[in-house]
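Now for the letters of each chain:
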Amino acid sequence: MTAATPISPIPVAPAGLTRRAKRFVEVEGIRVRQQGIWRHRDAWIERGIPAAEIDRAVAFQDRWGGLALPPAPFYESGPRILGADVPEGSAVEGWWIPAGNGRVSMAYGFMVGPGGEFGIHGPRWVPLHASTDGWVESLALASHASRWAKAITRITGKAVDCLNLDGYEQVPEVQGLTDAWWRGTDSLIALYRGEAIGLDAPQCLEAHVYGGLDEWGLHGG
């Protein structure tokens, strides 16, 4: 995506998303113009950043760059606008790509990890989802579930570890790692563990239980 490429404010969802996430991106999202990071390639290589990592950043920018989505239900509402920047790291520890600035000042940033994971990086690296697609799928599912649930219950701290997930199965499309979504017979549960692990703060554990869902509310994608 070059600086000269016309940008429509109405985004086209990248291929590979569920129908639910595609609708979410194209109905709820806005695409804004961003400068192409390809123009920094030579300067970044001079700084010792491998060409393969720059190519990864460019690929992320081409797929997600400039996409503004509604606030996330956790992580201080998530990135304001998805967009790559100069990769950070080393050959020893691996390389991370900034995934977009947060909406507020936080003790961590949103990053794409060495294996393509989407997560938060502050005192430590915490991969939330196996890919940025998984993060977007989780936002779409939260929006969908909040619309159709008859009741939404927020659980925090140690009480999260007491949740009984017998009879539930993980929702695969969110590609959960530290965070995960679980589907039961009439409810969805979103588990948010990233801040608790990344900040060593068990009080930051949180779960959202979306109850009273019918078949459409449970799936809808």
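Each remark here, short or long, concerns the structure printed above.
Residues numbered from 1 in each chain as written. Predicted model: local features only at pLDDT ≥ 70, side-chain atom pairs only at ≥ 80, totals over all residues. Heavy atoms only, no water.

## Brief notes about the pattern of salt bridges
Side chains bearing opposite charge may pair, as long as their charged atoms lie close to each other. Our working rule: Salt bridges are defined by distance alone: a side-chain nitrogen of Lys or Arg within 4 Å of a carboxyl oxygen of Asp or Glu. Where helices and strands are cited, they refer to DSSP runs of H or I of at least four residues and of E of at least two residues respectively, numbered from the N terminus. To sort residues, take the accessible area from a 1.4 Å probe on protein chains only and compare it with the maximum for the residue type: under 20% means buried, over 50% means exposed, and anything in between is partly exposed.
In this structure the tally under the stated criterion is seven salt bridges. The salt bridge partner of Arg63 is Asp133, with a shortest N-O separation of 2.7 Å. Residue Arg63 is located in helix 3 (residues 51–64), and its partner Asp133 is located in helix 4 (residues 132–148); the two are separated by 70 residues in the primary sequence. Relative accessible area serves as the criterion here: at 15%, Asp133 is assigned to the buried category.

## Structural notes on the sheet that holds strand 11 (residues 187–192)
The line we're drawing: Any two strands with at least two DSSP-identified bridges between them are counted as paired. Contacts are assigned to residue pairs with any non-hydrogen atoms lying within 4.5 Å of each other. Note on geometry: axes are lines fitted to C-alpha atoms, helical ones only across the stretch in contact, with angles between N-to-C directions running from 0 to 180 degrees.
Pairing in this open sheet of five strands is antiparallel, and the strands run 8-12-11-10-9 from one edge to the other. Two strands in the sheet have a free side with no partner beyond their single neighbour: strand 8 (151–156) and strand 9 (169–170). With six bridges connecting them, strand 11 and strand 12 (residues 206–211) associate as antiparallel partners. The residue of strand 12 that forms the bridge with Tyr192 is Glu206. Here helix 4 sits on the sheet and contacts strand 8, strand 10 (180–183), strand 11 and strand 12; the angle it forms with strand 10, its principal contact strand, is near 40 degrees.

## Structural notes on the packing of helix 1 (residues 19–28) against helix 4
The line we're drawing: If an angle is under 35 degrees, it is roughly parallel; if it is over 145, roughly antiparallel; if it lies from 65 to 115, roughly perpendicular; otherwise it is oblique. The nonpolar class holds Ala, Val, Leu, Ile, Met, Phe, Trp, Tyr, Cys and Pro. Asp, Glu, Lys and Arg form the charged class, and all remaining residues, Gly among them, are polar.
The N-to-C vectors of helix 1 and helix 4 enclose an angle of 85 degrees; their axes lie 9 Å apart at closest approach. In terms of orientation, helix 1 and helix 4 fall into the roughly perpendicular class. Packed against helix 1, whose contacting residues are Arg20, Ala21, Phe24 and Val25, the element helix 4 presents Val136, Glu137, Leu139, Ala140, Leu141, Ser143 and His144 at the interface. In the contact of helix 1 with helix 4, the residues fall into seven nonpolar, two polar and two charged.

## Quick word on the sheet that holds strand 5 (residues 109–112)
The five strands lie next to each other as 3-4-5-6-7, forming an open sheet whose pairing is antiparallel. At either margin of the open sheet sits one strand with a lone partner, and together these are strand 3 (88–90) and strand 7 (125–129). Geometrically, the sheet is characterised by an average inter-axis angle of 35 degrees between neighbouring strands, direction not taken into account. Direction of pairing for strand 3 relative to strand 4 (residues 94–100): antiparallel, over a ladder of three bridges.

## Notes on the nonpolar core
Put simply, the rule is: Only buried residues count toward a nonpolar core. Its members are Ala, Val, Leu, Ile, Met, Phe, Trp, Tyr and Cys residues joined through side-chain atoms within 4.5 Å.
Formed by 47 residues in total, the largest nonpolar core has its most connected members in Tyr75, Trp135, Trp181, Leu188 and Tyr210. Contributing elements (two or more residues each) for this core: helix 1, helix 3, strand 4, strand 5, strand 6 (118–121), strand 7, helix 4 and strand 11. The element contributing the most residues to this core is helix 4, with seven residues. Leu191, Ala201, Cys204 and Val209 belong to the second-largest nonpolar core, a separate cluster that totals twelve residues.

## Notes on the side chain of Glu137
Along the chain, Glu137 turns up in helix 4. Aside from chain neighbours lying at most four places away, what touches Glu137 is Leu17, Thr18, Arg20, Ala21, Glu173 and Val174.

## Things to note about helix 4
Rules: In this analysis, the expected span of each helix is defined as 1.5 Å times one less than the number of residues it contains. In the analysis that follows, any N or O atom pair within 3.5 Å is treated as a polar contact, provided that within protein one partner can donate a hydrogen and the other can accept it, and provided that, for residues neighboring in sequence, both atoms belong to side chains.
Compared with the 24 Å implied by 1.5 Å per residue over 17 residues, the 25 Å span of helix 4 between its first and last C-alpha is a close match. In terms of burial, helix 4 is largely enclosed, as 13 of its 17 residues are buried. Capping of helix 4 at its N-terminal end is provided by Ser131; its side-chain oxygen lies 3.2 Å from the backbone amide nitrogen of Asp133.

## Quick word on the environment of Val160
When you line up the elements, Val160 lands in the loop between strand 8 and strand 9. Each C-alpha atom, one on Val160 and one on His208, is 9.5 Å from the other, the two residues being 48 residues apart in sequence.

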